[in-house]
Amino acid sequence: MRLTSYSNYALRILMVATMRRGELVTVHEVAESFGISKAHLVKCVHQLGLWGYLENVRGRNGGFRLAKDPAKITVGEIIRKTEDELDLVECFDAVTNTCPLIGICKLGKLFKQACRAFLDVLDGVTLADISSNRREVLGALNKDWVNHKPSARAVGS
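In this report, the structure presented in the accompanying data block is examined. (Residues numbered from 1 in each chain as written. Predicted model: local features only at pLDDT ≥ 70, side-chain atom pairs only at ≥ 80, totals over all residues. Heavy atoms only, no water.)

1. Quick word on the packing of helix 4 (residues 75–82) against helix 5 (residues 106–123)
Put simply, the test is: Axis definition: a line fit to C-alpha positions, over the contact stretch in the case of helices; interaxial angles, taken between N-to-C directions, run 0 to 180 degrees. Numbered from the N terminus, helices here are DSSP runs of H or I no shorter than four residues, and strands are runs of E no shorter than two. Should an angle lie under 35 degrees it is considered roughly parallel, over 145 roughly antiparallel, and from 65 to 115 roughly perpendicular; all remaining angles are considered oblique. What makes two residues a contact is simply this: any of their non-hydrogen atoms within 4.5 Å. When residue character is reported, Ala, Val, Leu, Ile, Met, Phe, Trp, Tyr, Cys and Pro are called nonpolar, Asp, Glu, Lys and Arg charged, and the others, Gly included, polar.
Relative to each other, helix 4 and helix 5 sit at 125°, their axes nearing to 6 Å. Regarding the angle of helix 4 to helix 5, the classification is oblique. Every residue of helix 5 that contacts helix 4 at Val75, Gly76, Glu77, Ile79 and Arg80 is listed here: Leu119, Leu122 and Asp123. For the contact of helix 4 with helix 5, the residue count by class is four nonpolar, one polar and three charged.

Dropping the structure here:
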């Protein structure tokens, strides 16, 4: 199984927003820190805003910040939203399935069980959990972020 870049980028954006503690973060900052295309990140930020995970502020001094409690957002929840499908094999999708063994194949049942276990693990981990090593992560991404004092633009700090 391999998750899409979209899921990866969405989780990185949410981690940074969590670690920056209510301060507005720009797409440019994240793109530069991770070496990722701004165009890809803009799509993620926009969609995460539509889903209510981010507050997106437009304009010259705009950016984004986390809009929900990170302890209440699970990684599994984000993966389910960002992945179009988690069908490991074709028989997971009754519409496109061409396998003649549907219903009798033990392999398909095994893959379904494994997928459920994968998501169960991710459902037990929150954004707060994956953002608990703030100092190390922010230091690795941008030395200025570690000791940065939230500005007047920050909320909920």
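Now that the structure has been shown, the text picks up again.
2. Re the packing of aromatic side chains
Rules: Stacked, edge-to-face and tilted are the three classes for Phe, Tyr and Trp ring pairs, Trp counted by its six-membered ring, which pair at centre distances within 6.5 Å; planes under 30 degrees apart are stacked, over 60 edge-to-face, the rest tilted. Distance and angle both matter: a charge sits over a ring if NZ of Lys or CZ of Arg is within 6 Å of the ring centre and within 35 degrees of the ring normal.
Inspection of every chain in the model, using the stated rule, returns zero aromatic pairs. Note that Lys68 overlies the ring of Tyr53, its terminal NZ or CZ placed 4.7 Å from the centroid.

3. Let's talk about the packing of helix 2 (residues 27–34) against helix 3 (residues 38–50)
Just so we agree on the cut-off: Working rule for handedness: look at the near helix, and if it is turned counterclockwise from the far one by less than a right angle, call the crossing left-handed; if clockwise, right-handed.
One can describe the packing of helix 2 onto helix 3 by two numbers: an axis separation of 9 Å at closest approach and a directional angle of 130°. Between helix 2 and helix 3, the crossing angle belongs to the class labelled oblique. The two elements helix 2 and helix 3 cross, and the hand of that crossing is right-handed. Where helix 2 approaches helix 3, its residues Val27, His28, Val30 and Ala31 are matched on the opposing element by Lys38, Leu41, Val42 and Val45. Taken together, the residues that form the contact of helix 2 with helix 3 break down as six nonpolar, one polar and one charged.

4. Remarks on the pairing of strand 2 (residues 63–66)
Condition: Partly exposed residues are those whose accessible area sits between 20% and 50% of the maximum for their type, while under 20% is buried and over 50% is exposed, using a 1.4 Å probe and protein chains only. DSSP calls a pair of strands paired once it identifies at least 2 bridges connecting them.
Of the two faces of strand 2, the one carrying Gly63 and Arg65 and the one carrying Phe64 and Leu66 are both buried. Bridge analysis of strand 1 (residues 54–57) against strand 2 gives four bridges, and the strand direction is antiparallel. By the bridge assignment, Asn56 is partnered in strand 2 with Phe64. The hairpin formed by strand 1 and strand 2 contains five residues between the paired strands, and Gly59 there has a positive phi angle of roughly 105°.

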